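Structural characterization, general
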Amino acid sequence: SQQGEEDPQALSIQEGENATMNCSYKTSINNLQWYRQNSGRGLVHLILIRSNEREKHSGRLRVTLDTSKKSSSLLITASRAADTASYFCATINTGGFKTIFGAGTRLFVKA
Amino acid sequence: EPEVTQTPSHQVTQMGQEVILRCVPISNHLYFYWYRQILGQKVEFLVSFYNNEISEKSEIFDDQFSVERPDGSNFTLKIRSTKLEDSAMYFCASSESGQGEKLFFGSGTQLSVL
């Protein structure tokens, strides 16, 4: 299986703290993406990092990718209560057409 | 901002009945997908569709399932003879290009099979 697996499964932090979520995958990839899902809603794309990139920033989000370790991390800085959601990494194997999602990390930010 | 729309938002059906879930992808997108999420579990890939044919499907997507793009705007998922275990949230997604580019998801259809 080439699907990503997130770690931890759940994370509870105080508002203002940083949240770090990790993702591991198994096969060669073109890129890795992170998505967010609010309870009962569709997934929203956050950021995409290509296999030849090591780090990418978008606002309070920082994503790293280590293709040698087949892992990625998502850092949310200065978290807010509104960041409470599930976060998923997603990968697609080289030459494939299906984006596969991991099981997700449930983030709870306490106000 | 353009969005993917799905109807209905909730669908209740009796076991053995057929259901059709409908999606309107973003107008200039060329790749279409169906995913499902059983409550509390991961988002599972069902099928991808491009150029009026299935480009890839998962082992979940058996003969019970079919997809169609009946006109220039709609993309449908038909589930024949529904089972209790088909109860899930079904998400439609589209992308401008394939090969792992950004997916835009609809809000989903919650299917309950009784």
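Here we summarise the structure given alongside this text. (Residues numbered from 1 in each chain as written. Chains lettered and ligands numbered in written order. Predicted model: local features only at pLDDT ≥ 70, side-chain atom pairs only at ≥ 80, totals over all residues. Heavy atoms only, no water.)

Right, let's get into the interface of chain A and chain B. The partner chain B presents 21 residues to the 26 residues of chain A that form the contact. When the two sides are added together, the surface that chain A and chain B hide from each other amounts to roughly 2,000 Å², 50% of it contributed by carbon and sulfur. One can count one salt bridge joining chain A with chain B. The partner of Glu 101 of chain B in a salt bridge is Arg 50 of chain A, and the shortest N-O contact between them spans 3.2 Å. On inspection of chain A and its partner chain B, the count reaches five residue pairs in polar contact (both at pLDDT 80 or more). Of all the secondary-structure elements, those providing two or more residues to the side of chain A that touches chain B are β4 (29-37), β5 (43-50), β9 (85-93) and β10 (100-101) of chain A. Considering each element in turn, the side of chain A that touches chain B owes the most residues, five residues, to β4 of chain A. Of the residues belonging to the side of chain A that touches chain B, the class tally is nine nonpolar, 12 polar and five charged. (Contact = heavy atoms within 4.5 Å. Buried area = accessible area lost by both parts, 1.4 Å probe. Salt bridge = Lys/Arg side-chain N within 4 Å of Asp/Glu carboxyl O. Polar contact = N/O pair within 3.5 Å; in protein donor to acceptor, adjacent residues only side chain to side chain. Helix = DSSP H or I, 4+ residues; strand = E, 2+ residues; numbered from the N terminus. Nonpolar A, V, L, I, M, F, W, Y, C, P; charged D, E, K, R; others polar.)

As a further point, take the sheet that holds strand β8 (residues 75-79) of chain B. Residues and elements named next belong to chain B. The four strands lie next to each other as β1-β3-β8-β7, forming an open sheet whose pairing is antiparallel. With partners counted over all chains shown, the strands left at the sheet margins are β1 (5-7) and β7 (65-68), one partner each. The mean angle between the axes of side-by-side strands here comes to 20°, regardless of whether they run parallel or antiparallel. Pairing of β1 with strand β3 (residues 19-24) involves three bridges; the strand directions are antiparallel. Bridged to Thr 5 within β3 is Val 24. (Pairing = 2+ DSSP bridges. Axes fitted to C-alpha atoms, helices over the stretch in contact; angles between N-to-C directions.)

Moving on, we come to the pairing of β4 of chain A. For a regular strand, side-chain orientation follows a simple rule: the groups alternate between the two sheet faces. All names here are of chain A. Burial within β4 is extensive, with eight of its nine residues counted as buried. Bridge analysis of β4 against β5 gives seven bridges, and the strand direction is antiparallel. Directly across from Gln 33, in β5, lies its bridge partner Leu 48. As consecutive antiparallel partners, β4 and β5 are separated by five residues, and within that stretch Gly 40 has a phi angle of approximately 75°, a positive value. (Buried < 20%, exposed > 50% of the residue type's maximum accessible area, 1.4 Å probe, protein only.)

On to the state of the cysteines. Taken as a whole and judged by the stated rule, the model has two disulfides over all chains. Note on cysteine connectivity: Cys 23 of chain A is disulfide-linked to Cys 89 of chain A, with sulfurs 2.0 Å apart. Between Cys 23 of chain A and Cys 89 of chain A, the disulfide has an S-S torsion of 65° and is therefore right-handed. Of this pair, Cys 23 of chain A sits in strand β3 (residues 19-24) while Cys 89 of chain A sits in strand β9, and the two are 66 residues apart along the sequence. Cys 89 of chain A matches Cys 23 of chain A in its accessibility class, with the two residues each being buried. There is a disulfide in this structure between Cys 23 of chain B and Cys 92 of chain B, and the S-S distance comes to 1.9 Å. The S-S bond linking Cys 23 of chain B to Cys 92 of chain B shows a torsion near -65°; that makes this disulfide left-handed. Highlighted residues: Cys 23 of chain B in strand β3 and Cys 92 of chain B in strand β9 (residues 88-95), separated in sequence by 69 residues. The class for Cys 23 of chain B is buried, based on a relative accessible area of 0%. (Disulfide = S-S within 2.5 Å.)

In this section: the packing of aromatic side chains. Residues and elements named next belong to chain A. Using the criterion set out here, one finds 12 aromatic pairs over all chains in the structure. Note on Tyr 35 and Phe 101: the rings are 5.2 Å apart at their centroids and 65° apart in plane angle, and the pair reads as edge-to-face. Residue Tyr 35 is located in strand β4, and its partner Phe 101 is located in strand β10; the two are separated by 66 residues in the primary sequence. Just as Tyr 35 is buried, Phe 101 falls in that class too. (Phe/Tyr/Trp six-rings, centres within 6.5 Å; stacked < 30°, edge-to-face > 60°.)

The values are spatial; any link to function lies outside them.
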